[in-house]
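Reading the structure
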Protein chains: 2
Amino acid sequence: MSQNDDAHLVWEDLQSEILIESPIFALRTVHRRSPDGRTAPFIALDAPQWVTVIPELQDGVAKEFLLVRQFRHGTGEVGLEFPAGVVDEGEDAATAAARELLEETGHVAESLVSIGAVSPNPAFMTNTTHTFLAKGLKKIADLNLDENELLDVQQMGFEQLSQEIGQGPFASAITVQAWYFYLSHSGLLK
Amino acid sequence: MSQNDDAHLVWEDLQSEILIESPIFALRTVHRRSPDGRTAPFIALDAPQWVTVIPELQDGVAKEFLLVRQFRHGTGEVGLEFPAGVVDEGEDAATAAARELLEETGHVAESLVSIGAVSPNPAFMTNTTHTFLAKGLKKIADLNLDENELLDVQQMGFEQLSQEIGQGPFASAITVQAWYFYLSHSGLLK
């Protein structure tokens, strides 16, 4: 569908005001005008780009994955996720992915490939979350965590991961969408 | 892994203050203490539960899906997603899913099954996003949109959807994770 066909859906930007800035994002009101002339304020949350890395270890035919287990301050519970983080200012997404992989697992990758990039939530998030597949992993260092980061690395085989993802502590939408991109990229969808 | 094994990861709640309340969520600072005695403030975003509905139309062997095409105020672009919305106060997730399906597409479903429930982002979101699969669809009404909602319904076949999901306007993490649950539930993963 061409952009032209969408003209009746597109709201025009009027003014925007920052409501509050936090260390991880800024909350903004955006006033917009609809094609049929209504005006209204909407909420937008400006965050840096995010990256998720799927670290795949190949041991013969068996595939294993590195996961991080940590307390999450949104849910208030311990969660199991793929390594992930924010892209620093001036950094590109691939560099951030390699950095987060090293910091959170102590591993470097021979191959780091972008396999997906989507909006975390188009309704109010302005950023993009990138997914990378890391292969040819080598452990070269101990973990190097951010201040106030506390995590365990956990290794899990393909079968167990396929069973457990999306449930219990392993239930993050960002990790699940990253796994979809892994399955699609790896030819594992029927 | 038992909860006991996670004791070295669990931060304890101290106090919490609301920073700002918007129509769609509240932003809160939570002060927490780590198992090794550090204290720090973290950001939590309290939102209502969310629902996404995958409306599957079966025409003989061919599967078709209903999507909504609308301007999104986070990305500032027109996006293509499964019908979705927030669970109203006092409502349960299944009721909200049926309501959103009716409001955004005019359809009712004979069968509405919960196929997944995850945190949108455990790092800062406190809510859960639920995915439902709707079958046995019947169009009974015109769209009944919220104030300031403006959308087109678009029908797409399984093959095209499989090709296009995760790309271009069809790139929402919430829609992609919902599609993972659909593929898993429908036996479409290898």
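Residues numbered from 1 in each chain as written. Chains lettered and ligands numbered in written order. Predicted model: local features only at pLDDT ≥ 70, side-chain atom pairs only at ≥ 80, totals over all residues. Heavy atoms only, no water.

1. Describing the relation of the copies chain A and chain B
Formally: C-alpha atoms of residues with pLDDT of at least 70 in both copies form the basis for the least-squares superposition of the copies. Contacts were defined at the residue level, with two residues in contact if any of their heavy atoms lie within 4.5 Å.
Laying chain A over chain B is done by rotating through 180° and shifting 0.0 Å along the axis; what remains is an RMSD of 0.0 Å. Here the transformation between the copies is reduced to the relation of a two-fold axis. Here 100% of the contact residues of chain A are again contact residues in chain B; the copies associate through an equivalent surface.

2. Some remarks on the packing of helix α3 (residues 173–185) of chain A against helix α3 (residues 173–185) of chain B
Using the following cut-off: Lines fitted to C-alpha atoms define the axes here, with helix axes fitted over just the stretch in contact, and angles between the N-to-C directions of these axes take values from 0 to 180 degrees. A run of H or I in DSSP becomes a helix once it reaches four residues, and a run of E becomes a strand once it reaches two; helices and strands are each numbered from the N terminus. Handedness of a helix crossing follows the sense of rotation of the near helix relative to the far helix, less than a right angle counterclockwise being left-handed and clockwise being right-handed. Note that Gly is not counted as nonpolar here; it falls among the polar residues with everything else outside the nonpolar set of Ala, Val, Leu, Ile, Met, Phe, Trp, Tyr, Cys and Pro and the charged set of Asp, Glu, Lys and Arg.
Running from N to C, α3(A) and α3(B) cross one another at 65°; their axes reach a closest spacing of 8 Å. As α3(A) runs across α3(B), the sense of the crossing is left-handed. Facing α3(A), whose interface residues are A:Ala173, A:Ile174, A:Val176, A:Gln177, A:Trp179, A:Tyr180, A:Phe181 and A:Leu183, α3(B) presents B:Ala173, B:Ile174, B:Val176, B:Gln177, B:Trp179, B:Tyr180, B:Phe181 and B:Leu183. Its residues placed into classes, the contact of α3(A) with α3(B) shows 14 nonpolar, two polar and no charged.

3. A few points about the packing of aromatic side chains
As a reminder, the rule being used: Paired rings are identified among Phe, Tyr and Trp, the last through its six-membered ring, by centres lying within 6.5 Å, and are further divided according to the angle between planes into stacked (under 30 degrees), edge-to-face (over 60) and tilted (the rest). Three exposure classes are used, based on accessible area relative to the maximum for each residue type with a 1.4 Å probe and protein chains only: buried under 20%, partly exposed in between, and exposed over 50%.
By the definition in use, this model includes 22 aromatic pairs over all chains. Pairing A:Phe82 with A:Trp179 gives two aromatic rings, centres 6.0 Å apart and planes at 25°, and the pair type is stacked. Residue A:Phe82 is located in the loop between β6 (77–81) and β7 (84–86), and its partner A:Trp179 is located in helix α3; the two are separated by 97 residues in the primary sequence. Plain terms: the ring middles of B:Phe65 and B:Trp179 are 5.3 Å apart, the flat faces sit at 85° to each other, and that makes the pair edge-to-face. Remark: B:Trp179 occurs in helix α3 and B:Phe65 occurs in strand β5 (residues 62–72); sequence separation between them is 114 residues. This pair shows no difference in class: B:Phe65 is buried, exactly as B:Trp179 is. Chaining the aromatic ring pairs together yields one cluster made of A:Phe65, A:Phe82, A:Phe158, A:Phe170, A:Trp179 and A:Tyr182.

4. Regarding the pattern of salt bridges
All names here are of chain B. For the record, the criterion: What counts as a salt bridge is simple: a side-chain nitrogen of Lys or Arg found within 4 Å of a carboxyl oxygen of Asp or Glu.
Under the definition given, this model contains 24 salt bridges over all chains. A salt bridge links Arg33 to Glu12; the shortest N-O distance between them is 3.0 Å. On the criterion of sequence distance, the pair formed by Arg33 in strand β2 (residues 26–33) and Glu12 in strand β1 (residues 12–21) is long-range, its members being 21 residues apart. Look at Glu12 and you get partly exposed, because its relative accessible area is 42%. Between Glu100 and Arg99 there is a salt bridge whose closest N-O contact spans 3.2 Å. A relative accessible area of 4% means that Glu100 is categorised as buried.

5. Observations concerning the side chain of A:Arg32
Threshold: N or O atoms within 3.5 Å of each other form a polar contact, as long as, within protein, one can give a hydrogen and the other can take it, and as long as residues adjacent in sequence are counted only when both atoms are side-chain atoms.
By the element assignment, A:Arg32 lies in strand β2 (residues 26–33). A polar contact is formed between the side chain of A:Arg32 and the side chain of B:His73, at a distance of 2.9 Å.

6. Points about the sheet that holds β2(A)
All names here are of chain A. Which entries qualify depends on this criterion: A pair of strands is considered paired only if DSSP assigns at least 2 bridges between the two.
Judged by pairing direction, the sheet is antiparallel, and its three strands sit side by side in the order β1-β2-β3 without closing on themselves. With partners counted over all chains shown, the strands left at the sheet margins are β1 (12–21) and β3 (39–46), one partner each. For this sheet, the mean inter-axis angle between neighbouring strands, taken without regard to orientation, is 25°. Here β1 pairs with β2 via seven bridges, running antiparallel. Within the sheet, the bridge partner assigned to Ile20 lies in β2 and is Leu27.

7. Structural notes on unusual backbone geometry
All names here are of chain A. With a phi angle near 70°, Asn148 is a residue other than glycine that sits in the positive phi range. In this structure, Asn148 sits in the loop between β9 (129–139) and β10 (151–157). Its relative accessible area of 21% is what places Asn148 among the partly exposed residues.

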